[in-house]
Amino acid sequence: MAKVGILKATYSAPGIERLLEPLGGIERFIEKGDRVLLKVNLLSAREPEKAVTTHPEFVRAVAMAVRKAGGRPCIGDSPGGTFSQRTLRKAYKWSGLEDLAGEEDIPLNYDTGVRRLDIPKGKRLLRSPVCNYVLDSDKVIALPKLKTHSFQYLTLACKIMYGAIPGLTKAKYHAQFPRRASFADMLLDVLMLVKPQLVIMDGILGMQGQGPASGDPVKLGWVLASTDPVAMDITVCRVLGIEPVGIPVLKRAKIRHLWPERIEYPLLKPEEISITGFKLPNTADHLLTGKKPPGKSPIVTDKCIGCGDCEEICPKGAITVDDEVARLDYSKCIRCFCCHEVCPENAIKLGTVKVK
Ligand code: SF4
Ligand code: SF4
């Protein structure tokens, strides 16, 4: 049986101690002197109020709890794009994590090294590079942001450890696993390989609509904690009124017998905070309407400044920046939406295009 703690919270009072009490307190997961990785969601260099990244005040609260228990917190993720110190520096700065790290003397990871690991029980991946910053930690506490995701519909606890895979390898896996189901299976392979000891979700300010980078911030006011990422994501679906098996990674988790038999809610119950009208990305309209999903494609709008980030990340070479504007070759595009995720200007929308 899995346990999921749910509480109402704000960034000035995130209630981490109370949230973790039913799970045995943070001391249950940490030994004195442990290097504890706080695996944040640091998709790209955005301000905290955009709700793209885990909020620094939420990270602060968890870091302080870790320190109180005798652990040594450090912060890390592999953002979209190249896994370089430059990318990390920019993302830490914009997300507010650089200021937090300075104020509280918390190390930020700048090690971009990787090791190749075998995944003997992998369904899709049998071997993969994995970032040193994850492997060199004694314990991992994952801090996902509650967000939508145009390709996988939601990005929650089951997807947070995808940041253990270095930068552009993530884009390569989009090309290798272009279908939602195979990609979801690959996410589960990674999760099983580097499963965090604890997941604490920042659902105080979430994202709805066209996530994970260009959706709309939405005030939700929740924090969740569990040792079971699948149970946590099922819980979020229940709160949002979404059928869990409609989310590809949860469907694959069910098929792979990774669903808990029962979920206990020692604090609030999902029905006590459930909401209606949460907006999914338009790629997931069918989850609400029951109709067959329309084929959405990325469309470059006139907000494009020609920065080239989408060209760099596209796993199929379907984008060329020419005359400071990105141009798409739809005959090569596999609709992975990596370009939509990384565009710093929100210049790529998803819609229906007639492909000749
Ligand atoms: S679409 Fe976005 S990421 Fe691509 S070149 Fe234009 S601004 Fe940059
Ligand atoms: S153009 Fe965008 S959606 Fe299409 S393959 Fe490239 S990154 Fe993926």
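Relevant structure appears above.
Residues numbered from 1 in each chain as written. Chains lettered and ligands numbered in written order. Predicted model: local features only at pLDDT ≥ 70, side-chain atom pairs only at ≥ 80, totals over all residues. Heavy atoms only, no water.

**Student:** For this particular structure, what's the right way to read the site of ligand 1?
**Tutor:** Near ligand 1 you find Cys 304, Ile 305, Gly 306, Cys 307, Gly 308, Asp 309, Cys 310, Ala 326, Cys 343, Pro 344, Glu 345 and Ile 348, and these make up its full shell. Residues of the shell around ligand 1, tallied by class, amount to eight nonpolar, two polar and two charged. (Near = heavy atom within 4 Å. Nonpolar A, V, L, I, M, F, W, Y, C, P; charged D, E, K, R; others polar.)

**Student:** Explain the packing of aromatic side chains here, please?
**Tutor:** Describing an aromatic ring pair means giving the distance of the ring centres and the angle of the ring planes. What the rule picks out here adds up to five aromatic pairs. Each ring, one from Phe 151 and one from Phe 183, has its centre 5.2 Å from the other, and the planes form 65°; the classification is edge-to-face. Within this pair, whereas Phe 151 is found in the loop between strand 8 (147–149) and strand 9 (153–155), its partner Phe 183 is found in helix 7 (residues 180–193), the two being separated by 32 residues in sequence. Exposure class is identical for Phe 151 and Phe 183. Each is buried. Feature note: the residues Phe 151, Tyr 162 and Phe 183 constitute an aromatic cluster, connected by ring pairs. (Phe/Tyr/Trp six-rings, centres within 6.5 Å; stacked < 30°, edge-to-face > 60°. Helix = DSSP H or I, 4+ residues; strand = E, 2+ residues; numbered from the N terminus. Buried < 20%, exposed > 50% of the residue type's maximum accessible area, 1.4 Å probe, protein only.)

**Student:** Just to check I follow, could you spell out the side chain of Gln 210 for this structure?
**Tutor:** On the secondary structure map, Gln 210 appears in the loop between strand 10 (198–208) and strand 11 (216–226). Within the local environment of Gln 210, its side chain forms a polar contact with the backbone nitrogen of Asn 282, the two atoms lying 2.7 Å apart. For Gln 210, the contacting residues outside a window of four places in its chain are Thr 148, Ser 150, Gly 215, Leu 280, Pro 281, Asn 282, His 340 and Leu 350. (Polar contact = N/O pair within 3.5 Å; in protein donor to acceptor, adjacent residues only side chain to side chain. Contact = heavy atoms within 4.5 Å.)

**Student:** Would you mind going over the pattern of salt bridges with me for this structure?
**Tutor:** Side-chain pairing between opposite charges can occur once the charged atoms of the two side chains come close. Applying the stated rule across the entire model yields 16 salt bridges. Residues Arg 60 and Glu 104 are paired through a salt bridge, measuring 2.7 Å at the closest nitrogen-oxygen approach. Note that Arg 60 is positioned in helix 2 (residues 56–68) and Glu 104 in helix 4 (residues 97–104), a separation of 44 residues in sequence. Notably, a salt bridge pairs Lys 279 with Asp 216, separated by 3.4 Å at the nearest N-O pair. With Lys 279 in the loop between helix 10 (270–273) and helix 11 (285–289) and Asp 216 in strand 11, this pair connects stretches of sequence that are 63 residues apart. Here the salt bridges share partners, and the residues they tie into one network are Arg 124, Asp 185, Asp 189, Arg 252 and Arg 256. (Salt bridge = Lys/Arg side-chain N within 4 Å of Asp/Glu carboxyl O.)

**Student:** Would you mind showing me how to read unusual backbone geometry here?
**Tutor:** Most peptide bonds are trans, and most residues other than glycine sit at a negative phi. Pro 212 follows Gly 211 through a cis peptide bond whose omega is 10°. When you line up the elements, Pro 212 lands in the loop between strand 10 and strand 11. One non-glycine residue, Glu 324, adopts positive backbone phi at about 65°. Position of Glu 324 among the secondary structure elements: in the loop between strand 14 (319–322) and strand 15 (325–328). According to the relative accessible area criterion, Glu 324 is exposed, its value standing at 60%. For Phe 337, which is not a glycine, the phi torsion comes out positive at approximately 65°. Here Phe 337 is to be found in the loop between strand 15 and helix 13 (338–342). With relative accessibility at 4%, the residue Phe 337 sits in the buried group.

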